[in-house]
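# A look at the structure
Residues per chain, in single letters:
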Amino acid sequence: MIVCLAVVGHQNNPLYIQSFTEADDALKLHHIVHCSLDVVDERVNNPKKSGPTLNETFLGLLYPTENYKVYGYLTNTKVKFILVTTDLDVRDTDVRNFYRRFHAAYVDAVSNPFHVPGKKITSKSFAERVSTIVKSFGLSSSS
């Protein structure tokens, strides 16, 4: 189950962050997202160390914690997507497919002529589309 999803700008400014839990652990999830940015920077700046190739956008598992797994994705414009999940047996193909769909939704949202680049994404249609993608991820990973 996806518990948190974040879009972070190329200057590490939060553009969109959404928690999908009913508990009051939003601050904890924000902290996990913030800590994962260091791992993303390390993998991007040191590609020789067991990381993805330079043209690979999917960064894979950034780090596991006791209760969560954190995955990363880097767009061509250096915008980072961070996914926090409670599923400890997630397949990389499921995460890759999720990121493909999420990236398409992100591109549609920032292509809106009323969106100011570098500012938070406040589109309701983007939030609804993200919610649909997150729900479908939960269904596909359980089968």
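These figures come from a predicted structure and were not determined experimentally.

## Topic: helix H1 (residues 26-45)
Across its 20 residues, H1 extends 29 Å between first and last C-alpha, which sits within 8% of the 28 Å expected from 1.5 Å per residue. Where H1 is concerned, the buried positions are Leu29, Ile32, Val33, Ser36, Leu37 and Val40. The buried residues of H1 occupy an angular sector of 165 degrees when projected down its axis, which confines them to one face. For H1, exposure combined with an orientation more than 90 degrees from the buried face picks out Leu27, His34, Asp38 and Asn45. Where the residues of H1 are buried, they touch strand E1 (2-8), strand E2 (14-19), strand E3 (58-64), strand E4 (69-74) and strand E5 (80-85).

## A look at the nonpolar core
One finds Phe98, Tyr99 and Phe126 to be the most contacted residues of the largest nonpolar core, which totals 25 residues. For this core, the elements supplying multiple residues, two or more each, are E1, E2, E4, E5, helix H2 (92-110) and helix H3 (124-142). Beyond its immediate sequence surroundings of up to four residues, Phe126 is in contact with Tyr16, Phe102, Ala105, Tyr106, Ala109 and Ile121. Val3, Cys4, Leu37 and Val40 belong to the second-largest nonpolar core, a separate cluster that totals 17 residues.

Rules and cut-offs
Residues numbered from 1 in each chain as written. Predicted model: local features only at pLDDT ≥ 70, side-chain atom pairs only at ≥ 80, totals over all residues. Heavy atoms only, no water. Helix = DSSP H or I, 4+ residues; strand = E, 2+ residues; numbered from the N terminus. Expected span 1.5 Å × (residues − 1). Buried < 20%, exposed > 50% of the residue type's maximum accessible area, 1.4 Å probe, protein only. Arc of directions from axis to C-beta. Contact = heavy atoms within 4.5 Å. Core = buried A, V, L, I, M, F, W, Y, C linked by side-chain atoms within 4.5 Å.

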